[in-house]
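Understanding the architecture of this molecule
Here is what each chain is made of, one letter per residue.
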Amino acid sequence: MSETKVFSLADIKQHMSDKSCWLVVHGKVYDVTEFLEEHPGGYDIIVSSTGRDATSDFEEIGHSNSAKKLLEKYLIGEYEGGDSMPPRAPVAGATSRGQDSCRVC
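Along each chain, numbering runs from 1 in the same order as the chain's sequence is written. In keeping with the predicted nature of the model, local features appear solely for residues at pLDDT of at least 70, side-chain atom pairs appear and are counted solely at 80 or more, and the whole-chain, interface and lining totals rest on all residues. Heavy atoms throughout the structure, all of them, feed into the side-chain values; hydrogens and water do not.

Our focus in this paragraph is the pairing of strand β4 (residues 75-79). Of the pairings in the sheet, the one linking strand β1 (residues 6-7) to β4 comprises two bridges and is parallel in character. Note that in β4 the partner of Phe7 across the bridge is Tyr79. Both strand β3 (residues 28-31) and β4 contribute to a ladder of three bridges, which runs antiparallel. Following the sheet pairing, Val29 is matched in β4 by Gly77. Pairing between strands is defined by DSSP: at least two bridges between them are needed. Every helix listed is a DSSP run of H or I at least four residues long, and every strand listed is a run of E at least two residues long, numbered separately from the N terminus.

Structure follows, in structure tokens:
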């Protein structure tokens, strides 16, 4: 079993073009160069998110579960900075819509 590679921000900043394009999403590094031409939103939107943690960009778009699964195909390692948006633990007393439970409302 091979050891997981860990990449620094300096490593990632060396791959900020359509010739070599790496993304950081949720603490993982993806080489999406081969996917650029297939991206429904155009390759330029991906390239503009390189060289930094693109987690918030990725999540704000509202990618489908199939898009998130497709991303795994391009996984090349971990980001030394970790996940900038780890999953949140459920809040005690919250409903499925994220609202506080209230017997009056």
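A few words on the sheet that holds β4. The mixed open sheet is built from four strands, whose spatial order is β1-β4-β3-β2. Of all strands in the sheet, those bounded by a partner on one side alone are β1 and β2 (22-25).

The next subject is a negative patch on the surface. On the surface, Asp18, Glu34, Glu37 and Glu38 cluster together into a patch of negative charge. Residue position: Asp18 is located in the loop between α1 (9-12) and β2. When a residue's accessible area, from a 1.4 Å probe over protein chains only, is under 20% of the maximum for its type it is buried; when over 50% it is exposed; and in between it is partly exposed. Residue Asp18 is classed as partly exposed on the basis of its relative accessible area, which comes to 37%. Patch membership requires over 30% relative accessible area and the absence of a salt bridge. Like charges are linked within 9 Å, and nonpolar side chains (Val, Leu, Ile, Met, Phe, Trp, Tyr) within 5 Å. The Shrake-Rupley method, run with a 1.4 Å probe, gives the accessible areas here. Residue values count only the displayed protein chains as cover. Definition used for salt bridges: Asp or Glu carboxyl oxygen within 4 Å of a side-chain nitrogen of Lys or Arg. As used throughout, the charge tally considers Lys and Arg to be positive and Asp and Glu to be negative, leaving His and the chain termini uncounted. The location of each charge is read from NZ of Lys, CZ of Arg, CG of Asp or CD of Glu.

With that settled, the discussion passes to the pairing of β3. With four bridges joining them, β2 and β3 adopt antiparallel strand pairing. Bridge pairing in β3 links Leu23 to Tyr30.

Another aspect to go through is the nonpolar core. We call a set of buried residues a nonpolar core when its members are Ala, Val, Leu, Ile, Met, Phe, Trp, Tyr or Cys and they connect through side-chain atoms within 4.5 Å of each other. With 13 residues, the main nonpolar core has Val32 and Ile46 as its most contacted residues. Listing elements by their share of this core, those giving two or more residues are β2 and α2 (43-47). With residues up to four places along the chain from it excluded, the contact list for Ile46 reads Cys21, Leu23, Val32, Phe35, Leu36 and His39. Ile12, Trp22, Val24 and Val29 belong to the second-largest nonpolar core, a separate cluster that totals six residues. The contact rule is simple, with two residues in contact once any of their heavy atoms fall within 4.5 Å.

Tracing the sequence through the fold places Asp53 in the loop between α2 and α3 (55-61). One buried charge, Asp53, has no salt-bridge partner; the nearest side chain with opposite charge is Arg52, at 7.0 Å. Contacts described as polar in this section are N or O atom pairs within 3.5 Å, which, within protein, must combine one atom able to donate a hydrogen with one able to accept it, while residues neighboring in sequence count only if both atoms come from side chains. Side-chain polar atoms of Asp53 contact the side chain of Thr55, separated by 2.6 Å. In terms of polar contacts, Asp53 uses its side chain to reach the side chain of Ser84, at 3.0 Å. Aside from chain neighbours lying at most four places away, what touches Asp53 is Val24, Tyr79, Gly82 and Ser84.

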